[in-house]
Amino acid sequence: MPTPQEIRQGLYNPVLQHMRQRHPQMLAQAYEYFFEEEEPQDFLAGTALELAFLNFEDWFVCDCSEEGASVLALYVRESGADPKAFRPLEESVISLYEVKALGSQGVLLQDLLLGGEYLLPAPQLQGLRKGDLFAARLLRLPEGLCLGGCLYPFRAPLREEVLGYVEKSFQRYRRNKRPGADMREFLKEEAYLFNVIWLSLLSGR
């Protein structure tokens, strides 16, 4: 199983480097959109600030699009990279997970939005406890299932509040943007919403 560092170096960094060189304006506009034209260092520090930047890069690579063209599609077309290598990123979505059990076999996660349970190797989720709640991206790599490049930790008592926010946003999306869309389509197109929830709860805004 590749380490998080290997995944970042092999999949995320080439896309980010290409976009910085070829499309800096698109990157800058995406940054403003993701952080709602604010600077995260103005209200975050330490680990939270590091996570905010990593979460942005993950969203930009995997979910950002402009005029119907995704960043990944643009990168593959311009770089000549093998599209199959980046399919796990392209097909992934950020969802909300709860830790159901921890054991010698790994950490059992329940997907609270799309359903299903997933067992991940314990080293990928060090420090978690039963009941912990977080939003993340699971990548289906040839080697197996592993975490992607983002993490939005939420305190367990906020479970219903976070779920309620997602559900209201989902219903508004179906009403105003895409009637009949399912939860997975919503999570792909509106992935930045987890950043909105996380920053709002973290900063008390």
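Structure shown above.
Residues numbered from 1 in each chain as written. Predicted model: local features only at pLDDT ≥ 70, side-chain atom pairs only at ≥ 80, totals over all residues. Heavy atoms only, no water.

## Topic: the packing of aromatic side chains
Note the following rule: Only rings of Phe, Tyr and Trp enter the pairing, Trp through its six-membered ring, and a pair is recorded when the two centres are within 6.5 Å. The plane angle decides the type: under 30 degrees is stacked, over 60 is edge-to-face, the rest tilted. Under the DSSP-based scheme used, a helix requires at least four consecutive residues in state H or I and a strand at least two consecutive residues in state E, with every element numbered from the N terminus. The classification of residues rests on relative accessible area computed with a 1.4 Å probe and restricted to protein chains. Under 20% of the type maximum is buried, over 50% is exposed, and intermediate values are partly exposed.
In total, this model carries 16 aromatic pairs according to the counting rule given. With a centroid separation of 5.9 Å and an interplanar angle of 25°, the aromatic rings of Phe56 and Phe60 are classed as stacked. In this pair, Phe56 and Phe60 are both assigned in helix α3 (residues 46-62), 4 residues apart and thus about one turn of the helix distant. As far as burial versus exposure is concerned, Phe56 and Phe60 are alike and both buried. Counting every residue linked through ring pairs, the aromatic cluster contains Tyr31, Tyr33, Phe34, Phe35, Phe56, Trp59, Phe60 and Tyr192.

## Observations regarding helix α2 (residues 24-34)
Rules: The reported arc concerns the directions from the helix axis to the C-beta atoms and nothing else. Pairs of residues are marked as contacts when any of their non-hydrogen atoms sit within 4.5 Å.
Of the positions making up α2, those classed as buried are Met26, Leu27, Ala30, Tyr31 and Phe34. Buried positions in α2, seen along its axis, are confined to an arc of 140° and lie on one side of it. Those residues of α2 that are buried lie in contact with α1 (4-22), α3, β1 (65-66), α4 (71-79), β7 (144-154) and α8 (193-203). Looking one or two residues beyond α2, the residue adopting positive phi is Glu36, at roughly 55°.

## Looking at a negative patch on the surface
Threshold: Residues enter patches when their relative accessible area tops 30% and they take part in no salt bridge; the joining distance is 9 Å for like charges and 5 Å for the nonpolar side chains Val, Leu, Ile, Met, Phe, Trp and Tyr. Areas reported here follow the Shrake-Rupley algorithm with a probe of radius 1.4 Å; residue values treat only the protein chains shown as occluding. What makes a salt bridge here is a side-chain nitrogen of Lys or Arg within 4 Å of a carboxyl oxygen of Asp or Glu, nothing more. Only four residue types enter the tally: Lys and Arg on the positive side, Asp and Glu on the negative side; His and the chain ends are excluded. Every charge is mapped to an atom, namely NZ of Lys, CZ of Arg, CG of Asp or CD of Glu.
Judged by side-chain charge, Glu32, Glu36, Glu37, Glu39 and Asp42 come together as a negatively charged surface patch. With respect to the helices and strands, the residue Glu39 is situated in the loop between α2 and α3. A relative accessible area of 34% means that Glu39 is categorised as partly exposed.

## A closer look at the sheet that holds strand β3 (residues 94-103)
Cut-off, in case you're wondering: By definition, two strands form a pair when at least two bridges between them are found by DSSP. In this analysis, axes come from line fits to C-alpha atoms, helices being fitted only over the stretch in contact, and the angle between any two N-to-C directions falls in the range 0 to 180 degrees.
Strand order in the open sheet formed by 5 strands is β5-β4-β3-β6-β7, and the pairing between neighbours is antiparallel. A strand with exactly one partner marks an edge of an open sheet, and here the two such strands are β5 (117-120) and β7. The mean inter-strand angle of the sheet, taken between neighbouring strand axes irrespective of direction, is 45°. Running at roughly 75° to strand β6 (residues 133-141), α1 makes contact with β6 and β7 of the sheet.

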